[in-house]
Every structure is written in C-alpha cells, then in structure tokens.
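# Examination of the molecular architecture
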Amino acid sequence: MKILVLISNVPDTTTKIRFTGDNKAFDATGVQWIINPWDELALTRAMELKEAGGVEKITVANVGAKITESTLRKALAVGADDAVRIDAEPLDAYFVATQLAEVAKDYDLILAGIEASDYNGVGVGGMLAEMMGINSVSAVSGIDLENGELKIHRDIDGGSQVLTVPVPLVAIVQKGIAIDPRIPAMRGIMMARKKPLNVVPPVDAEARTEFLSYELPAPKAACKMVDEDNAKELIRLLHEEAKVL
Amino acid sequence: MSVLVYTENWGGKFKKLSYEIVSFATGIAKAMGSSVTALSIGHVADEELKSLGKYGANKVLNVQDDRFESLDNKALADAVTKAAENEGAKVVIFAHNNEGKAIAPRVSVKLNAGLVSGVMGLPVSVDPFVVRKKVFTGKAFANIQIKTDVKVITFAQNSYEVTENPTDVAIEAFDPQIADNEFNTVIKDTHLITGKVLLTDAEIVVSGGRGMKGPENWGGLEELGELLGAGMACSRPVSDEDWRSHEEHVGQTGKIIAPNLYMAFGISGAIQHLGGVSSSKFIVAINKDPEAPIFEASDYGIVGDAFKVIPQLIEAVKEMKANK
Ligand SMILES: Cc1cc2nc3c(=O)[nH]c(=O)nc-3n(C[C@H](O)[C@H](O)[C@H](O)COP(=O)(O)OP(=O)(O)OC[C@H]3O[C@@H](n4cnc5c(N)ncnc54)[C@H](O)[C@@H]3O)c2cc1C
Ligand SMILES: Cc1cc2nc3c(=O)[nH]c(=O)nc-3n(C[C@H](O)[C@H](O)[C@H](O)COP(=O)(O)OP(=O)(O)OC[C@H]3O[C@@H](n4cnc5c(N)ncnc54)[C@H](O)[C@@H]3O)c2cc1C
C-alpha cells in the first residue's frame, strides 16, 4: 500500500494574528511555519502503519511556494520517503485540491487533515476525493491495517463507528488518529537532506472563493469579578444579568 | 430557484440544530427572493418532517432508502447533488458538523460551486454573495465572496436564532436513484453515546482543567452539570491523562463549541483551548491565579480555589431552582 499525506503549511498555533493593507491580507512577517497539527498526526499514523508492515511508501505533498520546503523537509525528517511540492500560491481549497488530484492518482490511501489551522477551509480532502471519483471517510479518529484491509474508526454526531471502505480512499483525519506527533530525530534530519523533494508545475485552475477582508474580534469588556467567599453572587449574575440560567 | 438545506435526523427525530439551520436557510431565501427546500434522508415520520414548515421550509424532499444508513460519503454527496439539481438550487446548506463537513466539499465539486465552511449568521450580502466566518482558529473573522453561480456553505451551529415562520409545507418522496455499486462503506460496529447531554448540543457547558488535580475530584462538577442540564467538557491535558473521556476535549484539536454559557474550572486559558470555546455567548472562569489568561476571555470570574467555589455554586443553583 502506498500512502500520500497532504501537508498544509500553517503559522505556529501561538502566532499573534495581524493583517496588512487595510485588513486585506494576512501579515506573515516573523511567522514561524509548522506542519498543520492534523497533518502531523496523519503522518505519525502513516509511519506507525509502515513500521507494522504492509506500507511500501509514504509520500508527503504540498501546494505552496518555495517557503514551504522547510515544512516538507521536516515531514521527511519525521520519516516520509519522498516529498512533492506543487509550485503555486494556494488560492483556495478548490484550487489546492485540483493541483493535488494529479499527484494523488498513484496512491491507495490519501490522508488529509480535517482542517488547516489558518483558513479553516474544511474542504481539500473531500473535494480531492470527488475530483478523483473515489470514496472518502471524514471525521476519521483511527486507521488500522489488517490483512491488507483498512479498518477505519470515525466519529459521528453522538457516537462513533468502525467501518471498511475499499481503496483508493481519502481519509480525512481528526482527533485520535495518533496521540503524540513524532518529532524528527537527528538521524532523521540528516537523512531528510538526501531524500527526494520533487517540484512540479501547477495545472491551470481558478479559485472559486475570494477573501475580501479580515477583522480581529472586538476586545472583550472587562471580566466582572466575584469574591471567592461570595460565589453564590455568580449564579445570581448569570441568572438575572446575563440571563443564561 | 431555491435554497436547499440538508436536514439530517437523529433516530428519526430533528433537534434544535435542524430548526436553526432551516431558519437560517429561510433568512437567505428571503434575501434572495427564493423558496426553501429541505432534504431529509432516512426514516422520519411525516409529522416530524412537517415541523420544518414551522421555520419556513416550503417543501421537504423525503428520501427513504436504508442503504444511506452507512453514511457512505460518495453516495450521500450524489444524492444531495441530485436533489439540488432537481430543485435548481442556487445555495446548498449543510450543518458544520461531522456529516456536513464530510459531504459539502464533495457536493461543491459536483455542482461546480464554491464552498465556504463554518459560515456565521446571514450573508453580508447575497449579490455578490459574501459570507462571514472565523479563520485562524477563532483568532479572526474573514469576509469571503463565493464567485460561482451555485454556492455551497456549511453553517456554524448557534450562529443564528431559531425563528418561526409558519409555512405550508409539501412533503414529496424523492428517489435520487443511486446504483448499488455506489455504496461501498460497510459499517462493522456503531457505538452511540446515550443518557448524556451531547457537548455540541449543550446550551450550558461545565468544563474542568488540570487545576482540578485528578479524576476523583469531578464529583462536584458533575453535580453542578446535572443541576444545570449542562454538557461536560475538559481541557486537552485532562483527556490526554485519561481523567475524562476524549469526547469531552474542547479546543483547537478537540471539539469546537458555542454554548450560551461556558464555565471553566481550573483551566488556564491557553490560546489553543480558547480556539474551541471563544464563540460561547458567556464565559465564566474560576481560577486561583489572577493572571491566568482565561480571565481575558471571560465575562465573569472568580479568583479562588475551585474546591471552595463549587459547593457554593451548587447550593446557589439549588436555591435558584427552588425559587423558580
Ligand atoms: C500568502 C498566502 C496567502 C493565502 N491566502 C489565502 C486566502 O486568501 N484564502 C484561502 O482560502 N487560502 C489562502 N491561502 C492558502 C491556504 O494556506 C490553504 O493552503 C488553502 O486555502 C487550503 O486551505 P483550507 O483552509 O481550505 O484547507 P482545509 O480544507 O481546511 O485543509 C484540510 C487539509 O487539506 C490539506 N491541505 C490544505 N491545504 C493544503 C496545501 N496547500 N497543500 C497540501 N495539502 C493541503 C491538509 O491535509 C489539510 O489538513 C494562502 C496561502 C498563502 C501562502
Ligand atoms: C498544537 C496544539 C494544540 C492544542 N490543542 C489544545 C486543545 O484543543 N485544547 C486544550 O485544552 N489544549 C490544547 N493544547 C494545550 C494547551 O496549550 C494547554 O497546555 C492546555 O490547554 C492547558 O490545560 P489546562 O488549562 O487544563 O492546564 P494548565 O495550563 O496547567 O492550567 C491549570 C490552571 O488551573 C489553575 N488552578 C490550579 N489549581 C486550582 C484550584 N484549586 N482552583 C482553581 N484553579 C486552579 C491554575 O492557576 C492554572 O491556570 C494544545 C497545544 C498545542 C501545542
């Protein structure tokens, strides 16, 4: 089985978000880029499956400009065998999925995260599956490989399920897929330098959505404090003032 | 021309989210001068289907076909697409929950439509079609234009009021004619959470963090939760340590919730935690550290020991209920 792990390059989760030019664009000055947390966990699970046997190869792929290569190198250092970068500014989820559809054809299992932590599009995985005419399972919280067959755990609203779906398949992963993300070891970082990182040109595609402007949330009014020894007052405030009880 | 809204059911029943999303669809349809068609897949009694008319649905397409019980993403997307084509839908709306997130992206490709996920409240404008959503995991909002003729959106729960709009509703049987070989998801096992308020539905949420010191100390929180009819939540370290079930983990890497009231006990308020709860209408923090960042995100707070505060809150809620 060959696995493709889709890697979104996102600002570190603690980044202070700012915008430039009349709030029209994200200000990437000084931003630390990381592998999207879900993609990092997807890669971790792919590695575990490979170590258990039954997986020939793990490729990581990103649609992005040259600056994303350090993120792809990190994925190689974690243990992917090779990397593909489709050389284009990602415009929206539709554009990104169109670019990935070509590369993904050669794989049995494609892992996408449920959402990228920057634009929170929740789109690429499902769109890609539809473009390829293959099935997808979303909200995946576990993947096992038993006798060449995938056993998938997914969350449903109000519970969870275990299921099978034949490959090729896009699995869109979320919490539970792996517990702790793998951190590259020194040896991995050395080896990653020699692993192939192929750059391929983009195909023609247009974005279907456009970000017009951004806003930061209005600052919150000061927190109203209640005394520790008079905690009952809190319930009165919630009942009479906030009217939520 | 119509607005198509996908209304899933839970054991044949709708819930508040269903009425909220139909109200939302009605709001969009009014702005566009079109009608609302709801699509229901599964065994839902006619009376229940008719209840959607109360919130503005003009028509309900009723698909009764057991094969969809496996929630096969490809087959479901095909079915919704056929319904959308059948209705000449210009806007297709899903809930921003597990099922909606699974199907909406596929449907957008099939309908040559642009997709925006997690839309909050009515569009800023319908021509051009501009919607508002959260980006950077709750740290900012964006106004996004969908440039295609047909639009697909997922709707963020609790971002629109349930609004009555009594309408004569027609129930029509609909067969999307999906071939057997389109279904290839096979369910081996299903586990349903019963007897608890589902976190994503809860109007009040009681949440505990590492400051609660250990799983043996949750008794008070549970009692408070029960009295308030609340859902229970926790921070990530609490679920990582298995003090509480993973289903309760909220935050960037857990569930994202938007209750009316979120009560955080012994939670510091890390940015990744707030990403999952910042849409709550009111946030209350109980923390012994006055500098804890959770207070910056809170409407009401108590600087103090959770173990001293919880019994007082329980007593106060009991008194409040007795006086009602
Ligand atoms: C300078 C700059 C400006 C940008 N401006 C915008 C903008 O205005 N609007 C906008 O929508 N996007 C913008 N992007 C692109 C954004 O970073 C995303 O790559 C793209 O929009 C898809 O994001 P999503 O939130 O829809 O992904 P989601 O659908 O939420 O992502 C789900 C999963 O899909 C995969 N995935 C997502 N993106 C990629 C990718 N690029 N390569 C490989 N796999 C991926 C990952 O597995 C991810 O976990 C910009 C990027 C850059 C570098
Ligand atoms: C990529 C990434 C994703 C993450 N995703 C999430 C996520 O989804 N959800 C999440 O929660 N975290 C997430 N985290 C972790 C997050 O950064 C914090 O570590 C975590 O939220 C802290 O949990 P806590 O508030 O329970 O614990 P702590 O930060 O240890 O806070 C405990 C608090 O309890 C207070 N306290 C102690 N004793 C008492 C007492 N007796 N009475 C009252 N107060 C008391 C302390 O003052 C302190 O403020 C993520 C981290 C990363 C890097």
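Here the structure is a predicted model, which means the values were calculated and not measured.

A word on the site of ligand 2. Taken together, 27 residues form the shell around ligand 2, and within it Arg210(B), Lys213(B), Ser235(B), Thr253(B) and Ser268(B) come nearest. At the site occupied by ligand 2, the surrounding residues belong to chains A and B. Between ligand 2 and the protein, one listed contact pairs an oxygen atom with a backbone N or O atom of Arg236(B) at 2.9 Å. Between ligand 2 and the protein, one listed contact pairs a nitrogen atom with a side-chain N or O atom of Asp305(B) at 3.0 Å. Within the complex, the protein chains bury 80% of what would otherwise be the 990 Å² of accessible surface of ligand 2. Going through the elements one at a time, helix H6 (236–240), helix H7 (271–274) and helix H8 (306–323) of chain B are the ones with two or more residues in the shell around ligand 2. Here the shell around ligand 2 is built from residues that sort into six nonpolar, 15 polar and six charged.

All names here are of chain A. Around ligand 1 sit 28 residues, and of these Asp-39, Ala-116, Gly-121, Gly-123 and Val-124 come closest. Gly-113 places a main-chain nitrogen or oxygen 3.0 Å from an oxygen atom of ligand 1. In this structure, an oxygen atom belonging to ligand 1 sits 2.7 Å away from a main-chain N or O atom of Gly-123. Look at ligand 1: alone it shows 900 Å² of surface, and the protein chains cover 84% of it. Listing elements by their share of the shell around ligand 1, those giving two or more residues are strand S6 (57–63), helix H3 (93–104), strand S8 (109–113) and strand S14 (209–215). In terms of residue class, the shell around ligand 1 is made up of 16 nonpolar, seven polar and five charged.

A few words now on the environment of Val84(A). Residue and element names in this part refer to chain A. On the secondary structure map, Val-84 appears in strand S7 (residues 82–86). Placed 16 residues apart in sequence, Val-84 and Leu-100 show a C-alpha to C-alpha distance of 9.8 Å. Dropping the residues within four chain positions of it, Val-84 is found in contact with Thr-59, Val-60, Ala-61, Asn-62, Leu-72, Val-103, Asn-198 and Val-200.

Before going further, it helps to examine the domain arrangement of chain B. How big an interface is tends to be reported as the loss of accessible area on association of its parts. All names here are of chain B. Considered domain by domain, chain B is made up of domain 1 (2–182) and domain 2 (204–322). The centre of domain 1, based on its C-alpha atoms, is set 33 Å off from the matching centre of domain 2. Taken together, the contact pairs six residues of domain 1 with eight residues of domain 2. Both sides together, the interface formed by domain 1 and domain 2 hides about 520 Å², and carbon and sulfur atoms give 46% of it. Among the residues of domain 1 in contact with domain 2, Lys-134, Thr-137 and Asn-158 are the three that bury the most area, contributing 69% of the side total. Linking domain 1 with domain 2 are zero salt bridges, by the criterion used here. Inspection of the region where domain 1 meets domain 2 yields three residue pairs in polar contact (both at pLDDT 80 or more).

This next bit is on unusual backbone geometry. For the bond from Val167(A) to Pro168(A), the omega torsion is 0 degrees, close enough to zero to count as cis. Relative to the helices and strands, Pro168(A) resides in the loop between strand S11 (159–164) and strand S12 (169–173). With omega at 0 degrees, the peptide bond leading from Asp127(B) into Pro128(B) counts as cis. With respect to the element layout, Pro128(B) can be found in the loop between strand S6 (125–126) and strand S7 (129–135). Of note in this structure, Gln177(B) is not a glycine but carries a positive phi near 55 degrees. Position of Gln177(B) among the secondary structure elements: in the loop between strand S10 (170–173) and strand S11 (186–192).

Pairing is parallel across the open sheet formed by six strands, whose spatial order is S15(A)-S16(B)-S15(B)-S14(B)-S12(B)-S13(B). Sheet topology places strand S15 (224–226) of chain A together with strand S13 (231–234) of chain B at the edges, where each strand pairs with a single neighbour. When strand polarity is set aside, the average angle formed by the axes of neighbouring strands in this sheet is 20 degrees. With three bridges joining them, S15(A) and strand S16 (residues 300–303) of chain B adopt parallel strand pairing. Looking across to S16(B), one finds that Met225(A) is bridged to Gly301(B). Here helix H5 (residues 219–228) of chain B sits on the sheet in contact with strand S12 (204–208), S13 and strand S14 (261–265) of chain B, set at roughly 175 degrees to S12(B). Sheet strands in contact with H8(B) are S14, strand S15 (282–287) and S16 of chain B, and its direction is about 140 degrees off that of S14(B).

This paragraph deals with the interface of chain B and chain A. At the interface, 92 residues of chain B touch 77 residues of chain A. The tally of links from chain B across to chain A stands at eight salt bridges. Between Glu315(B) and Lys232(A) there is a salt bridge, with its nearest N and O atoms 2.8 Å apart. Summed over the shared surface of chain B and chain A, the result is 51 residue pairs in polar contact (both at pLDDT 80 or more). Of the residues that constitute the side of chain B that touches chain A, the class distribution is 41 nonpolar, 30 polar and 21 charged.

Right, let's get into the packing of helix H6 (residues 232–241) of chain A against H8(B). Viewed as axis vectors pointing N to C, H6(A) and H8(B) meet at an angle of 45 degrees, and their least axial separation amounts to 8 Å. As judged from the angle between their axes, H6(A) and H8(B) are oblique. Both H6(A) and H8(B) take part in a crossing whose hand is right-handed. On H8(B), the residues that touch Lys232(A), Leu234(A), Ile235(A) and His239(A) of H6(A) are Gln312(B), Leu313(B), Glu315(B), Ala316(B), Val317(B), Glu319(B) and Met320(B).

Cut-offs applied
Residues numbered from 1 in each chain as written. Chains lettered and ligands numbered in written order. Predicted model: local features only at pLDDT ≥ 70, side-chain atom pairs only at ≥ 80, totals over all residues. Heavy atoms only, no water. Near = heavy atom within 4 Å. Polar contact = N/O pair within 3.5 Å; in protein donor to acceptor, adjacent residues only side chain to side chain. Areas by Shrake-Rupley, 256 points an atom, 1.4 Å probe, with all protein chains shown as cover. Helix = DSSP H or I, 4+ residues; strand = E, 2+ residues; numbered from the N terminus. Nonpolar A, V, L, I, M, F, W, Y, C, P; charged D, E, K, R; others polar. Contact = heavy atoms within 4.5 Å. Domains from an automatic or database assignment. Buried area = accessible area lost by both parts, 1.4 Å probe. Salt bridge = Lys/Arg side-chain N within 4 Å of Asp/Glu carboxyl O. Pairing = 2+ DSSP bridges. Axes fitted to C-alpha atoms, helices over the stretch in contact; angles between N-to-C directions. Parallel < 35°, antiparallel > 145°, perpendicular 65-115°, else oblique. Left-handed = near helix turned anticlockwise from the far one by under 90°.

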